[in-house]
Amino acid sequence: MTNKTLALDERLYDYVLNVGLREPEVLQSLRQATEKEELSIMRSAPEQDQFMAMLLRLMDAKRVLEIGTYTGYATLWMALALPDDGEIHTCDLSEQWTFVARRFWEEGGVDGKVHLHLGPALETLDALLQGGQEASFDFAFIDADKVNYQGYFDRCLQLLRPGGLIAVDNTLWGGAVVDADDQEESTRAIRIFNRKLKDDMRVELAMLPIADGLTLARKR
Ligand code: CA
């Protein structure tokens, strides 16, 4: 027994998936299709996305923001957890990956809930703010280029209602956050983001060592 988070070896991780994951068939197919893409490492972890889907249901979330669509795996998990009149606005730059995404959103019957914004996410978020959507979203998932994390976070926070939740992915960055030799731009950006968030009194904070690190920030 331990009161620290266990480091999962392959066997224990497989066990978690075997007894803990209820992945709908359409998501399994999307996961398999994503494995074939060159950057499949960018797909978020199924147990993490299942957890976020549960958070959405707990919150009765209706309006969701996602920064970083990739092949739409997390998008699909979240969209399936939303009510029929729910909507998810998801931002990405890539036609190629979101082409895969669209196919599976349709197959999962959620394409009517998903609004894809192709273009720089900072601009999309600014446009939503200018369009009067401040404080109108329940949940945001940030999982895109790390150097812009703070910019995404600040805008998402404005777009969220009080009590809304932001989930930020990759906040442990493969452990590189504690490797002083790693001064790569993304690593440094995540370190600065994490450090600043600790003192950000606009939110309540929980940092979960699930997958590559998932930080939850609830807007006060
Ligand atoms: Ca990620």
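From a predicted model like this one, the values you see are computed outputs, not experimental measurements.

Asker: How should I be thinking about the pattern of salt bridges in this particular structure?
Answerer: When charged atoms on two side chains of opposite charge get close, those side chains can pair. Counted according to the given criterion, the structure contains 9 salt bridges. E87 serves as the salt-bridge partner of R63, at 2.8 Å between the closest nitrogen and oxygen. Placement of the pair is R63 in strand β1 (residues 63-67) and E87 in strand β2 (residues 87-92), with a sequence separation of 24 residues. Two residues, D200 and R202, come together in a salt bridge whose shortest N-O distance is 2.8 Å.

Asker: Looking at this structure, how should I read the packing of aromatic side chains?
Answerer: Note on aromatic pairs: each is described by the distance of the centres and the angle between the planes. Applying the stated criterion across every chain, the model contains 3 aromatic pairs. Summarising the aromatic geometry, the rings of Y149 and F193 are spaced 5.7 Å apart at their centres and angled 75° between planes, so their arrangement reads as edge-to-face. Residue Y149 is located in helix α7 (residues 149-159), and its partner F193 is located in helix α8 (residues 185-198); the two are separated by 44 residues in the primary sequence. Side by side, Y149 and F193 carry an identical accessibility label, which is buried.

Asker: Teacher, can you tell me more about the pairing of strand β3 (residues 114-118) here?
Answerer: Side-chain positions along a regular strand alternate between the two faces of the sheet. Note: β2 against β3, 5 bridges, orientation parallel. Bridge pairing in β3 places I88 opposite V114. In terms of handedness, the path from β2 via helix α5 (residues 95-107) over to β3 forms a crossover that is right-handed.

Asker: Please explain the environment of V26 as it appears in this structure.
Answerer: Looking at the secondary structure, you find V26 in helix α2 (residues 25-35). Sequence separation between V26 and C91 is 65 residues, and the spatial gap between their C-alpha atoms is 21 Å.

Asker: Quick question: what am I supposed to make of the coordination of the calcium ion here?
Answerer: Geometry sets the ideal angles at a metal, namely 109.5 degrees for four tetrahedral donors and 90 or 180 degrees for six octahedral donors. Taken together, the protein donors to the calcium ion comprise D143 (OD), D143 (OD), D169 (OD) and N170 (OD1), at separations of 2.2 to 2.8 Å. When its relative accessible area of 13% is taken as the criterion, D143 is described as buried.

Asker: Sorry if this is basic, but what is going on with the sheet that holds strand β6 (residues 203-208) here?
Answerer: Strand pairs in the sheet, formed through backbone hydrogen bonds, run parallel or antiparallel to each other. Read across the sheet, 7 strands follow the order β3-β2-β1-β4-β5-β7-β6 without closing on themselves; strand pairing throughout is mixed. Only two strands of the sheet have a single neighbouring strand rather than two, namely β3 and β6. Across the sheet, the mean angle separating the axes of adjacent strands is 15° when strand polarity is ignored. One ladder, built from 5 bridges, connects strand β4 (residues 137-142) with strand β5 (residues 160-169); its direction is parallel. Looking across to β5, one finds that F139 is bridged to L165. Helix α6 (residues 121-130) contacts β1, β2, β3 and β4 of the sheet and is inclined by roughly 155° relative to β1.

Asker: Even after reading the chapter, I still don't get the nonpolar core, so can you show me in this structure?
Answerer: What tends to happen in soluble globular proteins is that the nonpolar side chains get buried as a cluster. Grouped together as the largest cluster of nonpolar side chains are 35 residues, with contacts concentrated most on L56, L76, M78, F139 and F141. Taken together, the elements giving at least two residues each to this core come down to α2, α3 (46-59), α4 (73-81), α5, β4, β5 and β7 (214-219). The biggest single contributor to this core is α4, with 7 residues. Filtering out sequence-adjacent residues up to four positions away, F139 remains in contact with M52, L55, L56, M59, R63, V64, L65, M78, L160, L165 and A167. Residues I67, Y149, F153 and L160 belong to the second largest nonpolar core, which totals 23 residues.

Asker: What is the right way to look at the layout of surface pockets in this model?
Answerer: Rolled over the atoms, a probe with the dimensions of a water molecule shows which regions are left empty. What the largest pocket holds in volume is close to 830 Å³. I41, M42, R43, D143 and N170 are, among the 42 residues lining the largest pocket, the residues nearest its centre. Residue assignment for the lining of the largest pocket shows that the elements contributing at least two residues are α1 (10-20), α3, β1, α4, β2 and α6. Tallying contributions element by element places α3 first for the lining of the largest pocket, with 3 residues. Per-class residue counts for the lining of the largest pocket are 21 nonpolar, 11 polar and 10 charged. By volume, the second largest pocket amounts to about 210 Å³. Lining the second largest pocket are G20, R22, P24, Q50, A53, M54, R57, W77, L80 and A81.

Rules of the game
- All chains use their own residue numbering, which begins from 1 and follows the written sequence.
- Owing to the predicted nature of the model, reporting of local features is limited to residues with pLDDT of at least 70; listing and counting of side-chain atom pairs is limited to 80 or more, with chain, interface and lining totals taken over all residues.
- Only hydrogens and water are set aside; all other atoms, that is, all heavy atoms of the structure, feed into the side-chain values.
- Put simply, a salt bridge is a Lys or Arg side-chain nitrogen that is within 4 Å of an Asp or Glu carboxyl oxygen.
- By the criteria applied, helices consist of DSSP H or I runs no shorter than four residues and strands consist of E runs no shorter than two, each listed in order from the N terminus.
- Two aromatic rings from Phe, Tyr or Trp, using only the six-membered ring of Trp, form a pair when their centres are within 6.5 Å; if the ring planes differ by under 30 degrees the pair is stacked, by over 60 it is edge-to-face, and anything between is tilted.
- Between buried and exposed lies partly exposed: a residue is buried under 20% and exposed over 50% of the maximum accessible area for its type, with that area taken using a 1.4 Å probe on protein chains only.
- Only strands that DSSP links by at least two bridges are regarded as paired with each other.
- Handedness rule for crossovers: strands pointing away from the viewer, path from the first strand over the helix to the second running clockwise, crossover right-handed.
- Here the term donor refers to an N, O or S atom within 2.8 Å of the metal (or 3.2 Å for Na, K and Ca), and because water is left out of the atoms, sites may appear incomplete.
- Axis lines are fitted to C-alpha atoms, over the contacting stretch for helices. Their N-to-C directions set the angle, which ranges from 0 to 180 degrees.
- Should any heavy atoms of two residues lie within 4.5 Å, those residues are considered in contact.
- Here the nonpolar core consists of buried residues drawn from Ala, Val, Leu, Ile, Met, Phe, Trp, Tyr and Cys, with membership extended through side-chain atoms lying within 4.5 Å.
- Points on a 1 Å grid over protein atoms alone make up a cavity when a 1.4 Å probe fits among them but cannot get out, and a pocket when they form an open set with protein on both sides within 12 Å along at least five of seven lines; lining residues each have an atom within 4 Å of a point.
- Grid points are joined across faces, edges and corners, and a volume is the space filled by probe spheres set on the points.
- Throughout this entry, Asp, Glu, Lys and Arg are counted as charged residues, while Ala, Val, Leu, Ile, Met, Phe, Trp, Tyr, Cys and Pro are counted as nonpolar. The remaining residues, Gly among them, count as polar.

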